[in-house]
Amino acid sequence: NGRGDYPAAMSAVLHMEEKIGPSADSDNLASGIAGNMVQTALSKRQWARAHELLDTWRLRLGDSANGLAVSLFRLESQDLLRTQGWGALRDWLGAQGGDGRIPPSELAAAWEMGITQELARITRQGDWETGLVFLDALPDVQRRLPAVTSTRNVVEHNIVAAYHNRFAALANARKFDEARVVLDEAQARFPRDNLLRQDRAALDRH
């Protein structure tokens, strides 16, 4: 175990148990060795190997099994998004959670991570409209996630700011009819926005 030969260490513990029977000490040894094997697989990004080890030694791992499963889930989801992108992560997440081993909070956090990072990629050049289309296409359960709601507010704020800038430029040029068209469109989309209401009040004074 000390030199990292965990399979041999586990074989030694199992051999001992065959000879003299299991004990609390041997069970603790087996649990620690199994944990070391899983952690090694995680450090090497060997996700399939980590899943295999968790399934094989779940009973030996005891309470630590769930924590290791969550660590695996987090690392694997982050790696998948980084290497294969949002589409791959979306499909993978859709297949997770059926056995109840991954807490709903972890699943939600992974969805938030994927959605917000994909949105950041889409809007990197200031394309807020495409970002809003992306958010609108998400299922309701994903749109209601707190981080997704927050990022949507940012996207809408930037779209409103673009409308306001167009409106202000036209109004300052005294092109009030064109300014009204822009403002009408903006308020049809964002009727409760205070900045647009202020623009309307300013326009009504002319």
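Residues numbered from 1 in each chain as written. Predicted model: local features only at pLDDT ≥ 70, side-chain atom pairs only at ≥ 80, totals over all residues. Heavy atoms only, no water.

1. Some points on the layout of surface pockets
Formally: A pocket here means an open set of points on a 1 Å grid, computed over the protein atoms alone, that has protein on both sides within 12 Å along at least five of seven lines. A cavity is instead a set of points where a 1.4 Å probe fits but cannot get out; residues with an atom within 4 Å of a point line either one. Grid points are joined across faces, edges and corners, and a volume is the space filled by probe spheres set on the points. Where helices and strands are cited, they refer to DSSP runs of H or I of at least four residues and of E of at least two residues respectively, numbered from the N terminus.
For the largest pocket, the calculated volume is near 270 Å³. The wall of the largest pocket is formed by N153, E156, H157, V160, A161, R189, F190, P191, R192, D193 and L195. The element contributing the most residues to the lining of the largest pocket is helix α9 (residues 146-172), with five residues.

2. What to know about the environment of N28
Heads up, the rule is: For every residue, the accessible area obtained with a 1.4 Å probe (protein chains only) is divided by the maximum for its type, and the residue is called buried under 20%, exposed over 50%, and partly exposed between those limits.
Take N28: it is sitting in helix α2 (residues 24-43). Judged by its relative accessible area of 55%, N28 falls in the exposed class.

3. Digging into the environment of F73
We apply this condition: Throughout, a contact is declared for two residues whenever any of their heavy atoms are within 4.5 Å.
Looking at where F73 falls in the secondary structure, it is placed in helix α4 (residues 64-84). F73 sits in the buried class, given a relative accessible area of 3%. Expressed as a C-alpha distance, the spacing of F73 and Q96, which sit 23 residues apart in the sequence, is 9.3 Å. Excluding its chain neighbours within four sequence positions, the residues that come into contact with F73 are W92, L93, Q96, I102, E106, L107 and A110.

4. What about the nonpolar core?
Worth spelling out the cut-off: Here, nonpolar core refers to any group of buried Ala, Val, Leu, Ile, Met, Phe, Trp, Tyr and Cys residues whose side-chain atoms link them within 4.5 Å.
Counting residues in each nonpolar core, the largest one holds 36 residues, and the members touching the most others are F134 and L135. Elements supplying a minimum of two residues to this core: α4, α5 (86-94), α6 (104-122), α7 (128-136), α9, α10 (176-189) and α11 (194-204). Per element, the largest residue contribution to this core is eight residues, and it comes from α9. Discounting residues that sit within four places of it in the chain, F134 has contacts with W86, I115, E118, L119 and I122. By size, the runner-up hydrophobic cluster in this structure holds 21 residues, among which are V13, A30, A41 and L54.

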